[in-house]
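Now for the letters of each chain:
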Amino acid sequence: MAEPRSTIWETMQERGHSRRDFLQFCAYAATLAGIAPAAHGKVAEAFEKKARPPVIWLHFQECTCCSESFIRAEHPVVADVLMDAISLDYTETLQAASGHAAEKCKADTMKAYAGKYILLVEGSVPTEADGVYCCIGGRTALDILKEAAAGAAAVIAWGNCASYGCVQNAKPNPTGATPISKLIGKPVINVPGCPPIADVMVGVVTHILVFGRPPELDAQGRPKEFYGRRVHDTCYRRPTYDAGMFVETWDDDAARKGYCLYHMGCRGPVTYNACAVTKWNERTSYPIQSGHGCIGCSENQFWDNGPFYQHLPSFPGFGIESTADKIGLAAGAAAAVGVAAHAISTNIRKRGLIHEHVAESVTENKSE
Amino acid sequence: MSNRIVIDPVTRIEGHLRIEAVIENGVVKDAFSAGTMVRGIEKILKGRDPRDAWAFTERVCGVCTTVHALASVRAVEDALGIQVPKNAELVRNLMFAAQYVQDHVVHFYHLHALDWVDVVSMLKANPVEAAKIAQSISPWRNNTAGHFAAVQNRVKKFVESGQLGIFANGYWGHKAYKLPPEVNLLAVSHYLDALEWQKDLVKIHAIFGGKNPHPNYLVGGVPCSFNLEEVNAINTERLNHVGSLIKQAIEFVEQVYVPDLLAVAGFYKDWAAIGGGLENYLAYGDLPTNGYGDPSKFMLPRGAILGRNLNEIHEVNGKNVEEIKEYISHSWYSYAGGDANGLHPWKGETEFNFTGPKPPYTQLNVEGKYSWLKTPRWKDHPMEVGPLSRMLVAYAKGVTDVKEVVGAVLKKLDVPITVLFSTLGRTAARGVETQVVAHWMKGIYDDLITNIKNNELRTHTRYRWDPATWPAEAQGVGMTEAPRGALAHWIKIKDQKIDNYQLVVPSTWNASPRDGKGQRSAYEASLIGTPVANPEQPVEILRTIHSFDPCIACAVH
Amino acid sequence: MDAIKAPSYRRIYVWELPVRAFHWINGICILLLGVTGYLIGRPFAVISEQEASFQYWFGTVRFLHFAAGYLFLINMLARIYWGFVGNRYANWKQFIPTRRKWFTEVADVLRVDVLQTRVQGKIHIGHNRLAGFIYFLSFWVYGFQALTGFALYAAMSPSWIGRAAAAVIPGTWNDMGVRQWHHAGLWFFVLFTIIHVYLVFYHDYVEGRGTTSSMVGGWKFEREDYFKS
Ligand code: HEM
Ligand code: HEM
Ligand code: NFV
Ligand code: SF4
Ligand code: SF4
Ligand code: F3S
Ligand SMILES: [Mg+2]
């Protein structure tokens, strides 16, 4: 047991970081936790002594595909993340203990590392009906979230569920499913996607550990590093888009040549994600590469932007397949009919006036 | 009731499951299984485009990802009379099989193993001895003393760090753990190998469906296209990739999963007499070879077994409104026609009606409604679904490959077939199935290659893609066998929109509360009689519950 | 037979050059934006054996849309400026209802020109009150279309205008929503053009004051007695 354990400081040293980087990292963690600058030294001490940053992973209204995605990570692989990079002290999906024993793991970490643990949240939180739509250990998701968020140094929202509410938040949102950023008074790093790409997930966690600060975020709280570009801007089918070469029906000649899927409803032009570059499953593919358009799974409210096989969503309140064009065309036709009717009516109602004008008109004869 | 213990959260499962168990004299006397999270996806589907439903329902679960998408496209195709091209059937079968093999392996190592394997005990193991044992059962490349020593060292350092992470507060040292340290070491080593390997096989989903979890499906076929003259389509390289993934899968299953399963099972034969529960088994069958409309040609057959009578297989018909019904006597819903009636899913209703205690609560009111799961019944019988049901139906129907592997396993463990009706049997059946299906993948793959060789490239029938060609009203059912058991989606389409959509999911069958007649469903029934040495550390209850591989996000949806 | 006495007309310079220039540049921009915008939303597929790299028609369509978008914006800003320095007919007060009386005049126009329950009404040299008000509302749509257009443009260009526009749009609006409404905006212009052009012709036909040509030469014609009263 005398063997020295590897601390964050040691790990950072191994990776070529200076003492200054380390202190900066500690200062960041401390600031997030709301600790006064004078006390930063204490946090540094804590990280120096404690081997791996403790992490609590909460599960609420979710399908667990974010967890599934996480374990598909390639660099680093998840075993290395769990054994060397972090200490995953609570996750219902993988942890050995159940029931009270599991709850104790969480309670112990929240107590021993108050203000110092990283909180990862998978799933949305139902706010209707006093929260009875999601209870764990007899407590509501909201209750559990608030308690855990209070002492967290950083909060990451996994997937579209925790970031935006995802499928259960689609109309009519029967349970009042709510994104976590709306429920806790702390900055949240949103990592949307349904699920997010595995290497993006570990990328966000390791960004904090390696660089000692959170990644730069966009206006929606997403790391720019992974969500700064539209799928469309990085899509390898883009040249066929610019050339106007489109798939028109499934498995047509154009589909077999891998042309652009814009006509099949591809949401790449309105979706910010790393799919086309980072790709999925160790760079094996991504939706468009396998012939299906992007459905916009990293975007807020993407479920209510259906049908997915239509370029623009149905117009709110006008039913399926009601595009703006169909409604506009109907209105345009109505206007044309109205105009024609008005012209006829003018010739009847204003007959007198028009005759008067014609009569008063100066003819060539008269002027002579 | 002071002796009713509560396990909530049940971990190493998918979803939010709560077990309340009445323990008397060290055995479970009665048990209550509750799902405590609901999302209302059936309500959300109303009024949407049926062609989008696969994506919504796929998000029911990310662990058994794809199976709901498959059930959904089948339901829509069934309603509209669409038949998919042969290649689409084969691609779907490959994705289906890949899901089985990956999901079953992850279940065994990462969700179930810690019920049988004591992680702390492995620190005492002799790596050389462990390698000897391992090599005697399998030629797996990592079964060397050097590798085992490295794993042991790594775990030792990990444990000594004082930060046990996911292993913290486990029931280590509990007397129910019976494996020698060497076998524990072997199992933990393979836990890590499996964690590494599981991310490979699902690349088949990425190749054909763009990503995993949650690959893309398509009503009328599959979204990918084949073209041997094009880099932008499924070409030789992509197909080769699939081929080698299948090869690796067979290797992993044969050299790691199945040998480990048999080795561990050998130490826990007493569990062949515990956790049997229900005596009825239901399987919808899957892996069509002549279209979804012809169940007689499914590789996994359809049928129901009552009273463990393997000599009589009952026919199952998802469209017969008298066969499958869902009850809500103990579920937090209400039916317009009264809560006592059962409804066939085409007429199904999803109306929330929470009557439980106000949170925070310590015990549920099990006399009344106590779960978000509905209670499905087949001809009013509670049925167990899952790998065990599938293997029993296949065995009884004489599916050769299944008979062979089941026979070999029973012989190896030197036990009669009746041991299958148990916790251990359920866990073993999953391994048997993985072995059979991994090999079938090779055959499906070969069929796909043959088709392409014959220039049969079609992956989508455009028939009835356009909603303008649909009838004003239509209804269909999409049945499949998810890894956890019989899954079906029922759809009603009206004016091109979803009028009603109901899912009855494997874990709904198994984990549901009792029905109005007091008949228990599979979890509750199987827990009766389970010994519990220490109610504070109910590892025995976890064993039986985990043998079903619970998925509660699925079960409630 | 006594001929009806022919009234004499006077020529008035109503639309100064900047107004006319704005009008036609605006019209052309909107036509171009409408056509290219529609194509962006619903491009026809090229069936061609050529490599994608040999064609760029869709990229060109998009380029025209963005170029016209800039012109449209600048033109609009120029017109707003002219609303402060131009003649009385170009002044911003012609567009924004300032007094209650404005609305009784709008009602008048409705009665005379739309419902036609009255045959004749008050003559306005510049815009009538209803027209002025409609143009005022249209300017909001112009602004909206420019805002949403440039917000979408932010994703594909380093343009600071794009970034500024994107920053104005609330974070809860994703690109899909912005695009949906930008696309819907197209149909406002279609409706506006049908009705607007018709009404210009209608006024010319019924009143004979040279309304149509006024936007070309700037001149309108008014009865002598109009100036006396
Ligand atoms: C009268 C004014 C305009 C009209 C009628 C108009 C119309 C349209 C339409 C119909 C679309 C297609 C939307 C879709 O279906 O996806 C579109 C796209 C677009 N418009 Fe406009 N637009 C107007 C002004 C502008 C302006 C001022 C800009 C500023 C640059 C702009 C930038 C864009 C952009 C960036 C797109 C998306 C193009 C792409 O993704 O390739 N638009 N517009
Ligand atoms: C044949 C085509 C057109 C003709 C002859 C025409 C003629 C005119 C005339 C005569 C006016 C003054 C109306 C008044 O007295 O209130 C006017 C104003 C206006 N027109 Fe047009 N117009 C045409 C097309 C368009 C189009 C396509 C648009 C835009 C969609 C447009 C937008 C406007 C606007 C915004 C004004 C107010 C101008 C200002 O006060 O600066 N016009 N037009
Ligand atoms: N129960 C269940 Fe599933 C499965 N297998 C679905 O149908 O797990 Ni999420
Ligand atoms: S974001 Fe999507 S993948 Fe992740 S839990 Fe939610 S539904 Fe599942
Ligand atoms: S396939 Fe989609 S993302 Fe790719 S270029 Fe076409 S529209 Fe853009
Ligand atoms: S659907 Fe999602 S996975 Fe990527 S390509 Fe689109 S964001
Ligand atoms: Mg259901």
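Since we're looking at a predicted model, the values are computed, not measured.

What counts, and where the lines are drawn
- Residues numbered from 1 in each chain as written.
- Chains lettered and ligands numbered in written order.
- Predicted model: local features only at pLDDT ≥ 70, side-chain atom pairs only at ≥ 80, totals over all residues.
- Heavy atoms only, no water.
- Near = heavy atom within 4 Å.
- Polar contact = N/O pair within 3.5 Å; in protein donor to acceptor, adjacent residues only side chain to side chain.
- Helix = DSSP H or I, 4+ residues; strand = E, 2+ residues; numbered from the N terminus.
- Nonpolar A, V, L, I, M, F, W, Y, C, P; charged D, E, K, R; others polar.
- Domains from an automatic or database assignment.
- Contact = heavy atoms within 4.5 Å.
- Buried area = accessible area lost by both parts, 1.4 Å probe.
- Salt bridge = Lys/Arg side-chain N within 4 Å of Asp/Glu carboxyl O.
- 1 Å grid on protein atoms, 1.4 Å probe; cavity = no way out; pocket = protein on both sides within 12 Å on 5 of 7 lines; lining within 4 Å.
- Points joined across faces, edges and corners; volume = space filled by probe spheres on them.
- Donors = N, O, S within 2.8 Å, 3.2 Å for Na, K, Ca; no water.
- Buried < 20%, exposed > 50% of the residue type's maximum accessible area, 1.4 Å probe, protein only.
- Tetrahedral: all angles 85-135°; square planar, octahedral: opposite > 155°, others 65-115°.
- Core = buried A, V, L, I, M, F, W, Y, C linked by side-chain atoms within 4.5 Å.

**Observations concerning the site of ligand 1**
- For ligand 1, the set of nearby residues contains 25 residues, the closest of which are Arg62(C), His65(C), Arg179(C), His182(C) and His183(C).
- One finds residues of chains A and C in close proximity to ligand 1.
- One of the side-chain nitrogen or oxygen atoms of Arg62(C) is found 2.5 Å away from an oxygen atom of ligand 1.
- Measuring from a nitrogen atom of ligand 1, one finds a side-chain N or O atom of His65(C) at 2.6 Å.
- Among the secondary structure elements, those contributing two or more residues to the shell around ligand 1 are α1 (17-41), α2 (57-85), α4 (129-154) and α6 (175-207) of chain C.
- The element contributing the most residues to the shell around ligand 1 is α4(C), with six residues.
- Looking at side-chain class alone, the shell around ligand 1 contains 14 nonpolar, nine polar and two charged residues.

**Let's talk about the domain arrangement of chain A**
Residue and element names in this part refer to chain A.
- For chain A, the domain assignment lists domain 1 (8-226) and domain 2 (228-354).
- Taken together, the contacts link 24 residues of domain 1 with 19 residues of domain 2.
- In this assembly, domain 1 packs against domain 2 so that about 1700 Å² is buried in total across both faces, 53% of it on carbon and sulfur atoms.
- Of all residues in domain 1, the largest losses of buried area upon contact with domain 2 belong to Glu74, Ile197 and Phe226, amounting jointly to 30% of the total for that side.
- Applying the counting criterion to the domain 1 and domain 2 interface returns two salt bridges.

**Some points on the site of ligand 3**
Residues and elements named next belong to chain B.
- Lining the immediate environment of ligand 3, one finds 13 residues, of which Cys61, Cys64, Ser507, Cys551 and Cys554 sit closest.
- Residue Arg484 places a main-chain N or O atom 2.8 Å away from a nitrogen atom belonging to ligand 3.
- Classifying every residue of the shell around ligand 3 by side-chain character gives 10 nonpolar, two polar and one charged.

**With respect to empty space enclosed by the protein**
- Each pocket or cavity is described by its volume, and for the largest cavity that value is around 170 Å³.
- Listed by contribution, the elements that provide at least two residues to the lining of the largest cavity are α4 (65-70) of chain A together with α4 (86-112) of chain B.
- Across the lining of the largest cavity, the residue classes tally to 11 nonpolar, five polar and four charged.

**Brief notes about the interface of chain C and chain A**
- With 55 residues of chain C at the contact, the number on the chain A side is 55 residues.
- Approximately 4700 Å² of surface area, both sides summed, lies buried where chain C meets chain A, with 58% of it carried by carbon and sulfur atoms.
- Counting the surface chain C buries against chain A, the share from its top three residues, Gln116(C), Met176(C) and Gln180(C), is 15%.
- Linking chain C with chain A are four salt bridges.
- Between Asp113(C) and Lys350(A) there is a salt bridge, and its shortest N-O distance comes to 3.9 Å.
- Inspection of the chain C/chain A interface yields 26 residue pairs in polar contact (both at pLDDT 80 or more).
- When contributions to the side of chain C that touches chain A are tallied by element, the ones reaching two or more residues are α1, α2, α3 (100-114) and α6 of chain C.
- It is α6(C) that contributes the most residues to the side of chain C that touches chain A, 16 residues altogether.
- Its residues assigned to classes, the side of chain C that touches chain A shows 32 nonpolar, 13 polar and 10 charged.

**A word on the coordination of the iron atom of ligand 3**
Residues and elements named next belong to chain B.
- Here the iron atom of ligand 3 is held by Cys64 (SG) and Cys554 (SG), and the distances to it run 2.5 Å.
- Here the iron atom of ligand 3 and the nickel atom of ligand 3 are spaced 2.8 Å apart, linked through Cys554, which binds each one. Placement of Cys64 in the loop between α2 (53-58) and α3 (67-80) and of Cys554 in helix α16 (residues 552-556) is noted, with a sequence separation of 490 residues between them. Both residues of the pair, Cys64 and Cys554, belong to the buried class.

**A look at the coordination of the iron atom of ligand 1**
Residue and element names in this part refer to chain C.
- The iron atom of ligand 1 binds to the protein through His65 (NE2) and His182 (NE2), with metal-donor distances spanning 2.0 Å.
- Angles of 83 to 178° at the metal separate the six donor atoms of the iron atom of ligand 1, which places the site in the octahedral class. Placement of His65 in helix α2 and of His182 in helix α6 is noted, with a sequence separation of 117 residues between them.
- Taking relative accessible area as the criterion, His65 reaches 12% and is therefore assigned buried.

**A few points about the arrangement of the chains**
- Most contacts, compared over the two pairs of chains touching, are made between chains A and B.
- There is a gap between chain B and chain C: no contact, and a shortest C-alpha distance of 13 Å.

**What about the nonpolar core?**
- Counting residues in each nonpolar core, the largest one holds 293 residues, and the members touching the most others are Phe60(A), Leu119(A), Trp158(A), Trp303(A), Phe208(B) and Ile541(B).
- No other element matches the 15 residues that helix α9 (residues 236-267) of chain B contributes to this core.
- Membership of the second largest hydrophobic core comes to 20 residues, among which are Ala68(C), Phe72(C), Val141(C) and Ala151(C).

**Some words on the interface of chain B and chain A**
- With 100 residues of chain B at the contact, the number on the chain A side is 96 residues.
- In total, chain B and chain A occlude about 8200 Å² of area from one another, counting both sides; carbon and sulfur atoms represent 57% of this.
- Inspection of the chain B/chain A interface yields six salt bridges.
- Linking Arg48(B) and Asp304(A) is a salt bridge whose minimum nitrogen-to-oxygen distance equals 2.9 Å.
- Counting every contact that joins chain B to chain A gives 52 residue pairs in polar contact (both at pLDDT 80 or more).
- Taken together, the elements giving at least two residues each to the side of chain B that touches chain A come down to β1 (4-7), α1 (41-45), α2, α4, α6 (145-160), α7 (181-201), α8 (203-209) and α9 of chain B.
- In terms of residues, the side of chain B that touches chain A owes the most to one element, α7(B), which gives six residues.
- Of the residues belonging to the side of chain B that touches chain A, the class tally is 48 nonpolar, 27 polar and 25 charged.

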